[in-house]
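Listed here are the chains, written in short residue letters.
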Amino acid sequence: MGREKSPGLKILWVWTLGTAAILVASVVRTRMHDMESMMNQEQAPKQTHHITAAHSDVTVLPESDREIAKELK
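Calculation notes
- Going along each chain's sequence as written, the residues are numbered from 1 onward.
- Local features in this predicted model are restricted to residues of pLDDT 70 or higher, and side-chain atom pairs are both shown and tallied only at a pLDDT of 80 or more, whereas totals for entire chains, interfaces and linings draw on every residue.
- Computation of side-chain values: all heavy atoms of the structure, hydrogens and water removed.
- Secondary structure elements are defined from DSSP: runs of H or I of at least 4 residues count as helices, runs of E of at least 2 residues count as strands, and each element is numbered from the N terminus.
- Method for areas: the Shrake-Rupley scheme with a 1.4 Å probe, in which residue coverage is limited to the protein chains shown.
- Distance thresholds for patches are 9 Å for like charges and 5 Å for nonpolar side chains (Val, Leu, Ile, Met, Phe, Trp, Tyr), applied to residues having over 30% relative accessible area and no salt bridge.
- The salt bridge criterion pairs a side-chain nitrogen of Lys or Arg with a carboxyl oxygen of Asp or Glu, the two atoms within 4 Å.
- Note on scores: pLDDT gives the predictor's confidence for each residue, bounded by 0 and 100.
- Residue contacts are counted whenever heavy atoms from the two residues lie within 4.5 Å of one another.

1. Some points on the overall build of the chain
And step 1. Within the chain, the secondary structure is distributed over 2 helices and 0 strands.
And step 2. For the chain, the accessible surface area stands at approximately 7500 Å², while carbon and sulfur atoms represent 63% of it.

2. A word on a nonpolar patch on the surface
And step 1. Taken together, the side chains of Val 24, Val 28, Met 32, Met 35 and Met 39 make up a nonpolar region of the molecular surface, amounting to roughly 450 Å² of accessible area.
And step 2. Residue position: Met 32 is located in helix H1 (residues 7–43).

3. As for the confidence of the model for the chain
And step 1. Summing up the model confidence of the chain, the mean pLDDT is 79 and the portion of residues at 70 or higher is 71%.
And step 2. Counting interchain partners and residues more than four positions distant, the pLDDT-below-50 stretch residues 49–53 has 5 contacts.

Printed below as a string of structure tokens:
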């Protein structure tokens, strides 16, 4: 009779395992989304900016960073 578990303990185990499953699913979904984003970036035509030796000190920013830099000025 010592092996019988109380209903509260069973509920606690179900809650714990359910929470763990949700967290694992969230991490897997995030990793898959990140991997898809990386693959899409690799497949997209790369926009290369040719910088001459005279302009080697100029930093080329992505479009989103350029917008932020404009807002800061």
